[in-house]
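Observations on chain architecture
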Amino acid sequence: MPPVTPIGARERHTQDRVIRLFQESLGYEYLGNWKDRPDNRPIEENYLTPFLNQSGYSQALIQRALYTLNKTAGDVTQSLYDINKAVYGLLRYGVKVKEDAGEQTQTVWLIDWEHPERNHFALAEEVSVKGHHDKRPDLVLYVNGIALGVLELKRSTVSVSEGIRQHLDNQKPIFIERFFAPVQLLFAGNDSEGVCYGTIGTPEKYYLTWKEDSPLENPLDRHLGQLCSKGRFLELIHDYIVFDSGVKKTSRHNQYFGVKAAQKSLRSQQGGIVWHTQGSGKSLTMVWLAKWIREHIIDARVLIITDRSELDEQIARVFKGVDEEIHRSKSGADLITQINSAEPWLLCSLIHKFGTKDSADVEGYVAELKKSLPANFSPKGNWIVFVDECHRTQSGELHKAMKVILPNAIFIGFTGTPLLKTEKKSVEVFGGYIHVYKFDEAVKDKVVLDLRYEARDIDQTLTSPERIDQWFNSKTKGLTDIALLQLKQKWGTLQKIFSSKSRLERIVQDVLVDMSTRPRLMDGRGNAMLVSGSIYQACKFYELFDQTELKGKCAIVTSYQPSANDIKGEETGEGLTEKLRQYDIYRKMLADWFREPEDTAIGKVEAFELAVKKKFVEEPGQMKLLIVVDKLLTGFDAPPATYLYIDKFMRDHGLFQAVCRVNRLDGEDKEYGYIIDYKDLFHSLEMALSDYTSGALDGYSPEDVQGLLSDRLSKAKEHLEETREAIKALCEPVPPPLGSLEYVHYFCGDTQDKEALQSKAPLRMALYKATSALIRAYAAIANELEEAGYTTQQRERIVAEVRHFEAIRNEIKLASGDYIDLKLYEPAMRHLIDSYIRAEVSVKISELDDYDLVDLLAHKGSDAVIQSLPEDLRNSEESMAETIENNLRKLITDESPVNPKYYEKMSALLDTLIQQRKEQALSYQVYLEEITRLAGQVKDPQQGESYPKTLKTGPQRALYDNLDQDEEKAMALDGAIRAVKKDDWRGNKFKEREVKREIKRYLQDPEDVERIFTLVKEQRGDY
């Protein structure tokens, strides 16, 4: 029976149990507590050397391999990413060395990948690592003495995100960045959430979770047992790491099990389909499977057929990132030539090259291939063919042609969408499903975001049929009855297909209102796409938006390229035809973008599209809306995209892929993707049924698209109720009478006790996150509370709750000294909170943002501080005093490295003042005067000390204070440092050595040298 973990057990208890798990269940050797071990390194040669000896390498080879490994890992001229990539190459492919000059090159394997049990697996705890600032990871996992894994543990009541942030801090240059040179996997875990894992450089939002059946109930033990068992740990590192365009990535559970299932099929000489929903990493699944094929199937050759240039380019880039070359075929003839040769082993072919710009011409592709077959054609090698988006690119013709060319090939189809009912028979050529990862699973695993759906209806009516008849009569005099009939039919068609200007204006107005009121749109962190029914209509949309505040922040991206050939014969003298208007609007858009005369802008559509997409992804506040027709609705990954407006009739695959444009993860403030439907494609999700296959997705089986969309308003209400309950539960332990002091003591403890304040930090973080979640949930529905079913009384209660919890958060931030920074979502939410709750709050928060509390105290006095604080704090002298003191304490702590001796005095003065206040040894007014004077001294050391006139700069005064007030030595050392320091000397070992050498000329004690050197490094504005 597994050991019982007490609720809220301390981290030490969890860490002891985890160590036992590694020892008893996973077979790792426990190396001990390395807190006081003097020289902990990421490569422990005293464990690596015995392994290499046992592997039979000579001493000469071992020494050369160790030299190469240490030199690569210790390269201070490269970034951590580049060093880690280089070390990974040595780990995975072995170290290529010669026993002696003139000898043959041999490979020294640092890890026995084929026989995991032959390696030495070990872990150490509290591994103290020296850096610019020392750090101590909880657990380090070593294989043959090489640190391959680092684990940060938290108690069950503290989020794993705290552990992730520790990893991110540790990888910074100011901490222990170089320790991570060989580290491959990073884990953060607790008993309630289990484990999140990533690699070096992985941002918090991209840390992954594992999902695999197990009898173990404790999620932490279960995940560690699954991820860190000897075979799995090495397999993940060997087969599921990739360096992709400057980003190191590892596998999600769906990718891992998808590849494993495909391996099993290939061993049985069977093909099939891998269906992994949009956004779940399908292209990397293809990469990892191809790498495995290369190393495990004799004479294996892989052909990847895609119909997207972006994927074709991405696959080529990723393979190059893992030192594998891929041949990109230039034509059908080139592909046949390569197949007919023994090399290369890896090829990709883009069907677009054989069709039009925006569609895969399978027939043209097949004809090109057959035409290129030489008389002596004979494919070389064992072929496996990957067909990407097999629902689009696979057909009977393509399959037959590929079978003629590669009769013994195994075909594996990949798709990001479910297969239509009609397709399920036609794709049986692949051999059925190998692995399935559906949309609802991906949402549950937080791989992609849930989608919220809202239908909007805009009726079009003829306001004056008589006037229209008059217009027709006046304009059509002299036409024959047949000609008149044709014209009226055209008019009727136009009424149905092309929107009236007034209807487009209504949609434009809708979008503009959303831009000002909807989460992520109003703060510029998110943006939107508008799907138009035609290129002409897209141009009309653009023309309308270009006259609003979106001018310069909106663009059209379609397949259209303005050409003079488009407008030949279009000029009638009666006004602009659709082609002429379309041509002129596009030309003007390009001219405005490139800021040059219109004529010279023609032909720059591709450059325009690349620039616009880049800005849309990287600067969402500067490119807020893309208007599209067919382009960018598949394969365009833009995490900021949050809203998709649909004004086009769409079905099945095209619709499924389009709505998935807005389901990519992009920070905490993006909780959902929003679909705004002007064509009622899903009949408004009537009755809130999850089975909407009677509408635009009726080509799919209901179980294949379950949970794709949900009604926005009902789900928004549900989410608001969840956030209300969550924050109430968090604050429930606060004791009566629930005043400011009670909340401050519960979330901060004694604000003068640094340890108590620090121990409560996770609790405060939970409060801040819960409050922000409540504000976001409220903002999403604030102007539709009545439509969501709330009564007037309920609405007033909700408003009061949001106001109450926001005030609590602000007071706790002030009292604890936590920064008041409205990051990510809060600037956007502020707009709605001000609008719906109380306008005066924004002014006060803004003042505090621009002028911090100690600044106000030092420069404007205690009266200004009192007026800036929330009313509840103002009415409590004790709460206000604690708030001021804690902010001052935090500033002293932050500034201390710049001048430790001076700020020690300031800290002592603050302690004395606090003691006098608590003992009521001075009146409150005198206390305020004294604390104001102290704040001035903290902000400006010249107010707190009488320095010699020769000391004119901060660094000179800092040296004086920390060299026993030796004026002559301080001035001499200051001059020497300025004379010898080089540009960007911090972090450069050789440049730092020159500065330290100068300090040694003036100081004898090595500890003093290190102390003053650290002090000098902190003087960033001067040295």
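Residues numbered from 1 in each chain as written. Predicted model: local features only at pLDDT ≥ 70, side-chain atom pairs only at ≥ 80, totals over all residues. Heavy atoms only, no water.

Helix and strand content of the protein: 42 helices and 25 strands. The 1023 residues of the protein split such that 52% are buried. For the protein, contacts bridging at least 24 residues in sequence account for 71% of all contacts bridging at least 6. (Helix = DSSP H or I, 4+ residues; strand = E, 2+ residues; numbered from the N terminus. Buried < 20%, exposed > 50% of the residue type's maximum accessible area, 1.4 Å probe, protein only. Contact = heavy atoms within 4.5 Å.)

A few words now on unusual backbone geometry. For residues besides glycine, phi is generally negative; the peptide bonds are generally trans as well. Residue Pro344 is bonded to the preceding Glu343 through a cis peptide linkage, with omega at 0°. By the secondary structure assignment, Pro344 is in the loop between α11 (332-339) and β15 (346-350). Residue Pro737 is reached from Pro736 by a cis peptide bond, and omega for that bond is 5°. Here Pro737 shows up in the loop between α25 (712-731) and α26 (740-748).

Pairing is mixed in the open sheet, where seven strands are placed in the order β1-β4-β5-β6-β7-β8-β9. Unpaired on one side and paired on the other, β1 (29-33) and β9 (208-209) mark the two borders of the sheet. As paired strands, strand β7 (residues 185-190) and strand β8 (residues 194-198) are joined by five bridges and run antiparallel to one another. Within β8, the residue paired with Gly189 across the bridge is Val195. (Pairing = 2+ DSSP bridges.)

Another point: a negative patch on the surface. Taken together, Asp964, Asp966, Glu967 and Glu968 make up a surface patch of like negative charges. For Glu968, the location among the structural elements is in helix α40 (residues 967-980). Taking relative accessible area as the criterion, Glu968 reaches 67% and is therefore assigned exposed. (Patch = residues over 30% accessible without salt bridge, like charges linked within 9 Å, V, L, I, M, F, W, Y side chains within 5 Å. Areas by Shrake-Rupley, 256 points an atom, 1.4 Å probe, with all protein chains shown as cover. Salt bridge = Lys/Arg side-chain N within 4 Å of Asp/Glu carboxyl O. Lys, Arg positive; Asp, Glu negative; His and termini not counted. Charge placed at Lys NZ, Arg CZ, Asp CG, Glu CD.)

One finds Phe22, Phe187, Phe233, Leu289, Ile304 and Phe386 to be the most contacted residues of the largest nonpolar core, which totals 88 residues. Ranked by residue count, the leading element in this core is helix α9 (residues 282-296), at eight residues. If sequence neighbours within four positions are ignored, Phe187 has contacts with Leu141, Val150, Leu151, Glu152, His167, Val195, Cys196, Tyr197, Leu227, Cys228 and Phe233. One finds Leu504, Leu530, Tyr586 and Tyr674 within the second-largest nonpolar core, a separate group that totals 69 residues. (Core = buried A, V, L, I, M, F, W, Y, C linked by side-chain atoms within 4.5 Å.)

Here the focus is the packing of aromatic side chains. Evaluation of the coordinates by the stated rule reveals 26 aromatic pairs. With 5.6 Å between their ring centres and 70° between their planes, Tyr81 and Phe243 make a pair best called edge-to-face. Of this pair, Tyr81 sits in helix α4 (residues 80-93) while Phe243 sits in strand β10 (residues 241-244), and the two are 162 residues apart along the sequence. Take Tyr81 and Phe243: they sit in the same class, and that class is buried. Ring centres of Tyr746 and Phe747 lie 4.9 Å apart, and the angle between their planes is 85°; on these two criteria the pair is classed as edge-to-face. Taken together, the ring pairs in this structure connect Tyr197, Trp210, Tyr240, Tyr256, Phe257 and Trp288 into an aromatic cluster. One residue, Lys813, lies across the ring of Tyr768, its end atom 5.1 Å from the ring centre. Sitting above the plane of the Tyr927 ring, Arg917 keeps its charged end 5.8 Å from the centroid. (Phe/Tyr/Trp six-rings, centres within 6.5 Å; stacked < 30°, edge-to-face > 60°. Lys NZ or Arg CZ within 6 Å of the ring centre and 35° of its normal.)

Of note, Tyr924 is situated in helix α37 (residues 924-939). For the pair Tyr924 and Ala881, spaced 43 residues apart in the sequence, the C-alpha separation amounts to 9.3 Å.

With parallel pairing, the seven strands of this open sheet are ordered in space as β14-β15-β13-β16-β17-β12-β18. Each edge of the open sheet is held by one strand with a lone partner, namely β14 (327-328) and β18 (433-437). Pairing of strand β13 (residues 300-306) with strand β16 (residues 382-388) involves six bridges; the strand directions are parallel. Residue pairing for β16: Ile305 is matched across the bridge by Val387. Set on the sheet, helix α8 (residues 253-267) makes contact with β12 (272-276), β16, β17 (410-415) and β18; between it and β18 the angle comes to about 175°. (Axes fitted to C-alpha atoms, helices over the stretch in contact; angles between N-to-C directions.)

Between its first and last C-alpha atoms helix α3 (residues 59-73) spans 21 Å; for 15 residues at 1.5 Å apiece the expected length is 21 Å, and the two agree. Within the span of α3, buried status applies to Leu61, Ile62, Ala65, Leu66, Leu69, Thr72 and Ala73. An end-on view of α3 places all buried positions within 135° of arc, on one side of the element. Counted as exposed and oriented over 90 degrees from the buried face of α3: Tyr67 and Lys71. (Expected span 1.5 Å × (residues − 1). Arc of directions from axis to C-beta.)

Residues with a pLDDT of 70 or more make up 82% of the protein, whose mean pLDDT is 82. Low confidence marks residues 493-498, where pLDDT is under 50. Its contacts with residues over four positions away, or in another chain, come to seven contacts. Per-residue pLDDT stays below 50 along residues 819-851; that stretch engages in 72 contacts with residues further than four places along the chain or on separate chains. (pLDDT = per-residue confidence, 0-100.)

Relative to each other, helix α39 (residues 954-962) and helix α42 (residues 1006-1018) sit at 160°, their axes nearing to 11 Å. Here α39 lies roughly antiparallel to α42, going by the angle between them. Note that α39 runs across α42; the crossing there is right-handed. Together, Ala958, Leu959 and Asn962 of α39 and Arg1011, Ile1012, Leu1015 and Val1016 of α42 make up the contact between the two elements. (Parallel < 35°, antiparallel > 145°, perpendicular 65-115°, else oblique. Left-handed = near helix turned anticlockwise from the far one by under 90°.)

Let's shift gears to the environment of Pro941. Secondary-structure assignment places Pro941 in helix α38 (residues 941-944). For the pair formed by Pro941 and Tyr903, sequence separation is 38 residues and the distance between their alpha carbons is 8.9 Å. Discounting chain neighbours no more than four positions away, the residues touching Pro941 are Tyr902, Tyr903 and Tyr947.

Attention now goes to the pattern of salt bridges. With the rule as written, the count across this model stands at 59 salt bridges. Its salt-bridge partner being Arg795, residue Glu786 comes within 3.9 Å of it at the nearest N-O pair. A relative accessible area of 25% places Arg795 in the partly exposed class. Between Lys996 and Glu1010 there is a salt bridge, with the nearest N and O atoms lying 2.9 Å from each other. Taken together, the residues span a long stretch of sequence, with Lys996 in helix α41 (residues 989-1002) and Glu1010 in helix α42 at a distance of 14 residues. Taking the relative accessible area as the measure of exposure, Glu1010 reaches 40% and is therefore partly exposed.

The next thing to look at is the pairing of strand β3 (residues 105-108). The pairing of strand β2 (residues 95-98) with β3 spans four bridges and is antiparallel. When the bridges of β3 are listed, Lys98 appears paired with Thr105. From the end of β2 to the start of β3, which pair antiparallel, there are six residues, and Gly102 there has a positive phi angle of about 90°.

Next up on the list: the pairing of β7. Burial analysis of β7 places six of its six residues in the buried class, which makes it a mostly covered element. Neither face of β7 is exposed, since Leu185, Phe187 and Gly189 on one face and Leu186, Ala188 and Asn190 on the opposite face are all buried. Of the pairings in the sheet, the one linking strand β6 (residues 146-153) to β7 comprises five bridges and is parallel in character. The residue of β7 that forms the bridge with Leu153 is Gly189. Between β6 and its parallel partner β7, the chain crosses via helix α5 (residues 160-170), and the hand of that crossover is right-handed. (Right-handed = clockwise from strand over helix to strand, strands pointing away.)

So, about the packing of helix α35 (residues 877-895) against α37. At a closest axis distance of 11 Å, the pairing of α35 and α37 adopts a crossing angle of 15°. In terms of orientation, α35 lies roughly parallel with respect to α37. The way α35 lies across α37 gives a crossing that is left-handed. Where α35 abuts α37, its residues Glu877, Met880, Ala881, Ile884, Glu885, Leu888, Leu891 and Ile892 lie against Tyr924, Tyr927, Leu928, Ile931, Leu934, Ala935, Val938 and Lys939.

With that settled, the discussion passes to the environment of Leu857. Here Leu857 lies in helix α32 (residues 853-860). In this structure Leu857 comes out as buried when scored by relative accessible area, which is 2%. C-alpha separation for the pair Leu857 and Leu888, spaced 31 residues apart in sequence, amounts to 9.6 Å. Leu857 has contacts with Ser862, Val865, Ile884, Ile931, Thr932 and Ala935, leaving out every residue within four places of it along the chain.

Moving on, we get to the side chain of Thr285. By the secondary structure assignment, Thr285 is in helix α9. Exposure remark for Thr285: the relative accessible area of 2% places this residue in the buried category. At a separation of 3.1 Å, a polar atom in the side chain of Thr285 contacts the main-chain carbonyl oxygen of Gly281. Excluding its chain neighbours within four sequence positions, the residues that come into contact with Thr285 are Gln255, Val259, His276 and Phe414. (Polar contact = N/O pair within 3.5 Å; in protein donor to acceptor, adjacent residues only side chain to side chain.)

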